[in-house]
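Spelled out, the chains give:
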Amino acid sequence: MKPAVKEYTNDELLKNDVMELKSKGVDKHDIYILSHDDERTNRIANNAEANTIGISELGLGSAVGNIFSKKGDELRTKLEEVGFSSAEAERYEEKLDEGKILLLVTDHERVTGWV
């Protein structure tokens, strides 16, 4: 099942929403941050105490393949590996190109009505 997703342009609003999700019982391991810039993704994830999409989500084959991929291809692969169709991944990757940050939540029980 694909994650619930919400787009942001403001890092602080995203961090506040992560804190709210955690207060509702969503585990850190079910909360992912993704942006076009790896440094920004890691900084926001660290500040919000959330995850990034890494080897455990991608699998070794996709992770190694991403080393040789262009950034857009890498982002689409990450989105597809967490459950989005290729068309959805392309649409979200375009949002990332525009500078948006994505908050992805895999705990469907606790995010009902959140997005």
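As shown above, the structure is provided for reference.
Predicted model, so just to flag it, every value in this text is computed and none were measured.

Asks: It is not clear to me how the environment of Met19 should be interpreted in this structure. Could you clarify?
Replies: Within the secondary structure layout, Met19 lies in helix H1 (residues 11-23). Measuring from C-alpha to C-alpha, the distance between Met19 and Ala48 comes to 7.3 Å, with 29 residues separating the pair along the chain.

Asks: Where do I start with the environment of Ser35 in this structure?
Replies: Relative to the assigned elements, Ser35 resides in the loop between strand E2 (31-34) and helix H2 (38-48). Along the chain, Ser35 and Lys100 lie 65 residues apart, while their C-alpha atoms are 6.6 Å from each other. The residues touching Ser35, leaving out its near neighbours within four places in the chain, are Arg40, Thr41, Leu75, Leu96, Lys100 and Ile101. In terms of polar contacts, Ser35 uses its side chain to reach the backbone carbonyl oxygen of Asp37, at 3.0 Å. Looking at Ser35, its side chain comes within polar contact range of the side chain of Thr41, at 2.7 Å.

Asks: How should the sheet that holds strand E3 (residues 51-52) be read in this particular structure?
Replies: The strands making up a sheet are joined through hydrogen bonds of the backbone, oriented either antiparallel or parallel. Pairing within the open sheet is mixed, and its four strands lie in the order E1-E4-E2-E3. Looking at strand neighbours, the two that pair on one side only are strand E1 (4-8) and E3, the edges of this open sheet. As defined by bridge partners, E2 adjoins strand E4 (residues 101-105) across four bridges and the pair is classed as antiparallel. Looking at E4, one finds that Ile33 is bridged to Leu103. Helix-sheet contacts for helix H6 (residues 86-97) involve E1, E2 and E4, and the interaxial angle to E1 is about 25°.

The rules behind the values
- Residues numbered from 1 in each chain as written.
- Predicted model: local features only at pLDDT ≥ 70, side-chain atom pairs only at ≥ 80, totals over all residues.
- Heavy atoms only, no water.
- Helix = DSSP H or I, 4+ residues; strand = E, 2+ residues; numbered from the N terminus.
- Contact = heavy atoms within 4.5 Å.
- Polar contact = N/O pair within 3.5 Å; in protein donor to acceptor, adjacent residues only side chain to side chain.
- Pairing = 2+ DSSP bridges.
- Axes fitted to C-alpha atoms, helices over the stretch in contact; angles between N-to-C directions.

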